[in-house]
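What the coordinates show
Given next are the chains, with one letter for each unit.
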Amino acid sequence: MSGILCRLEEIPDGDSKGLSLEDGRDILVVRQGGAVFGYQNVCPHLFTPLEWQPDDFLDDSGQFIICATHGALFQIADGECVAGPCQGESLTQVPLTVEDGAVKLAQ
Ligand code: FES
């Protein structure tokens, strides 16, 4: 079935995963229980990818998305930068839904 990005269980609870969309955008997905939060994998500071290493987008506490380049911290729930050189800016949201255990783009 089209539109499925991955299965929810492919993302450990409280962790993150990087994915590429059919339109070429790279995104990150953070899972918190049954909820997922999607953002384009682009830091609003210098437009670089965010991750330290593949699928590793969160800081040590697991409470924030962190940019590997200069350490900016972003809130998981809304993507707002709360510390770092792009404070006050935000990651670009990619709305996602979970249906029958499948992570999909929200229409
Ligand atoms: S490029 Fe992300 S904080 Fe500078």
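Since we're looking at a predicted model, the values are computed, not measured.

The strand order β1-β9-β8 describes an open sheet built from three strands, whose pairing is antiparallel. Pairing within the sheet leaves two strands with one partner each, and these edge strands are β1 (4–7) and β8 (96–99). Pairwise comparison of adjacent strand axes, ignoring direction, gives a mean angle of 30 degrees for this sheet. Note: β1 against strand β9 (residues 102–105), three bridges, orientation antiparallel. Its bridge partner lying in β9, R7 is registered against A102.

Moving on: the pattern of salt bridges. According to the stated counting rule, one finds three salt bridges in the structure shown. In this structure, D23 and R25 form a salt bridge, with 2.9 Å as the shortest nitrogen-oxygen distance. Taking the shortest distance from any N to any O, the salt bridge between E99 and K104 comes out at 3.1 Å. For E99, a relative accessible area of 40% corresponds to the partly exposed category.

Buried together is how nonpolar side chains tend to be arranged in soluble globular proteins. Core analysis: the biggest nonpolar cluster contains 15 residues, and L28, L50, I65 and F74 have the highest contact counts within it. Core analysis: the next-biggest nonpolar cluster, separate from the first, contains 11 residues, L19, I27, V94 and L96 among them.

On to the environment of K17. Structurally, the position occupied by K17 is in strand β2 (residues 16–20). On the basis of relative accessibility, which here comes to 17%, the residue K17 falls in the buried class. Sequence-wise, K17 and I4 are 13 residues apart; in three dimensions their C-alpha atoms are separated by 14 Å. What K17 contacts, discounting residues up to four positions off in sequence, is C6, E10, I11, I27, L28, V29, D55 and F57.

On to the sheet that holds strand β6 (residues 73–75), then. Two orientations exist for strands paired in a sheet by backbone hydrogen bonds: parallel and antiparallel. Across the sheet, three strands lie side by side as β5-β6-β7; this open sheet has antiparallel pairing. In this open sheet, the two edge strands, each paired with only one partner strand, are β5 (64–66) and β7 (81–83). Sheet twist, expressed as the average angle between the axes of neighbouring strands with direction ignored, equals 40 degrees.

Criteria and thresholds
Residues numbered from 1 in each chain as written. Predicted model: local features only at pLDDT ≥ 70, side-chain atom pairs only at ≥ 80, totals over all residues. Heavy atoms only, no water. Pairing = 2+ DSSP bridges. Helix = DSSP H or I, 4+ residues; strand = E, 2+ residues; numbered from the N terminus. Axes fitted to C-alpha atoms, helices over the stretch in contact; angles between N-to-C directions. Salt bridge = Lys/Arg side-chain N within 4 Å of Asp/Glu carboxyl O. Buried < 20%, exposed > 50% of the residue type's maximum accessible area, 1.4 Å probe, protein only. Core = buried A, V, L, I, M, F, W, Y, C linked by side-chain atoms within 4.5 Å. Contact = heavy atoms within 4.5 Å.

Keep in mind these numbers describe shape, not what the thing actually does.
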